[in-house]
Amino acid sequence: MSYTIGFQSKNQKSILATEAATANQAVAIIAALRQSADEIKFIRSPQEGEMGIEMLLLLAKEEAEEMPQRA
């Protein structure tokens, strides 16, 4: 499932967006954006629509449980 993360840099007025292929990648992008003081404006996926960070974390957890474990 793909995710679009909209964010606004503290130095810009426009909202930028970036794509992530998985929930885990989206969580990593959000963590990096938060460290750089960017403000998260939205998180969206075609399947889930608009969501909050808590929902994204839940989806990332479910995604990790579904992935096969490597030996």
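Everything discussed here concerns the structure shown above.
Reading the values: the criteria
- In this numbering scheme, every chain counts its residues from 1 along its sequence in written order.
- Note on the predicted model: pLDDT of at least 70 is required for a residue's local features to be given, and 80 or more for side-chain atom pairs to be given and counted; whole-chain, interface and lining totals, by contrast, use all residues.
- Each side-chain value is derived from all of the structure's non-hydrogen atoms; neither hydrogens nor water enter the calculation.
- Salt bridge, as applied in this entry: a Lys or Arg side-chain nitrogen positioned within 4 Å of an Asp or Glu carboxyl oxygen.
- Accessibility here uses a 1.4 Å probe with only protein chains present; expressed as a share of the type maximum, an area under 20% marks a residue as buried, one over 50% as exposed, and anything in between as partly exposed.
- Going along the chain from the N terminus, every DSSP run of H or I of four or more residues is numbered as a helix, and every run of E of two or more is numbered as a strand.
- Whenever a nitrogen or oxygen atom comes within 3.5 Å of another N or O atom, the pair is scored as a polar contact, on the condition that within protein one atom can donate a hydrogen and the other can accept it, and that pairs from neighbouring residues in sequence are kept only if both atoms are in side chains.
- Here, residues are in contact when the closest pair of their heavy atoms is within 4.5 Å.
- A pair of Phe, Tyr and Trp rings is counted when the ring centres sit within 6.5 Å of each other, with Trp represented by its six-membered ring. The angle between the planes then sorts it: under 30 degrees is stacked, over 60 is edge-to-face, the rest tilted.
- Only when the NZ atom of a Lys or the CZ atom of an Arg is both within 6 Å of the ring centre and within 35 degrees of the ring normal do we say a charge sits over the ring.
- Helix axes use the C-alpha atoms of the stretch in contact, all axes being lines fitted to C-alpha atoms, and the angles between their N-to-C directions lie in the range 0 to 180 degrees.
- Roughly parallel means an angle under 35 degrees; roughly antiparallel, over 145; roughly perpendicular, 65 to 115; everything else is oblique.
- Helix crossings are classified by the rotation of the near helix relative to the far one: an anticlockwise turn of less than a right angle makes the crossing left-handed, while a clockwise turn makes it right-handed.
- Three classes are used: nonpolar for Ala, Val, Leu, Ile, Met, Phe, Trp, Tyr, Cys and Pro, charged for Asp, Glu, Lys and Arg, and polar for all others, with Gly counted as polar.
- Side-chain atoms within 4.5 Å link the members of a nonpolar core, which is a set of buried Ala, Val, Leu, Ile, Met, Phe, Trp, Tyr and Cys residues.

### Let's talk about the pattern of salt bridges
The full count for this structure, using the stated rule, is two salt bridges. Of the charged contacts in the structure, one is a salt bridge between lysine 41 and glutamate 39, with a shortest N-O distance of 3.4 Å. For glutamate 39, a relative accessible area of 45% puts it in the partly exposed group. Note that glutamate 50 and arginine 44 form a salt bridge whose closest N and O atoms lie 2.5 Å from each other.

### Observations regarding the side chain of glutamate 63
Mapped onto the fold, glutamate 63 is located in helix H2 (residues 53-66). Assessed through its relative accessible area of 16%, glutamate 63 is described here as buried. Within the structure, glutamate 63 has its side chain in polar contact with the side chain of asparagine 24 (distance 3.0 Å). Setting aside anything within four residues of it in sequence, one finds glutamate 63 in contact with Thr22, Ala23 and Asn24.

### Some details on the packing of aromatic side chains
Applying the stated criterion to the full structure yields zero aromatic pairs. One residue, arginine 44, lies across the ring of phenylalanine 42, its end atom 4.1 Å from the ring centre.

### Topic: the packing of helix H1 (residues 23-35) against H2
Here H1 crosses H2 at 140°, and the two axes come no closer than 8 Å. Judged by the angle between their axes, H1 and H2 are oblique. Crossing geometry of H1 relative to H2 is assigned as left-handed. Contacts between H1 and H2 involve Ala23, Asn24, Ala26, Val27, Ile30 and Arg34 from the first element and Ile53, Leu56, Leu57, Leu59, Ala60, Glu63 and Ala64 from the second. In the contact of H1 with H2, the residues fall into 10 nonpolar, one polar and two charged.

### Considerations on the nonpolar core
Ranked by size, the top nonpolar core spans 14 residues in total, and within it Tyr3 and Leu56 carry the most contacts. Those elements giving two or more residues to this core turn out to be strand S1 (3-8), H1 and H2. Ignoring any residue separated from it by four or fewer positions in sequence, one finds leucine 56 in contact with Tyr3, Ala23, Ala26, Val27, Ile30, Ile43 and Met51.

Don't take any of this as a statement about function, it's just geometry.
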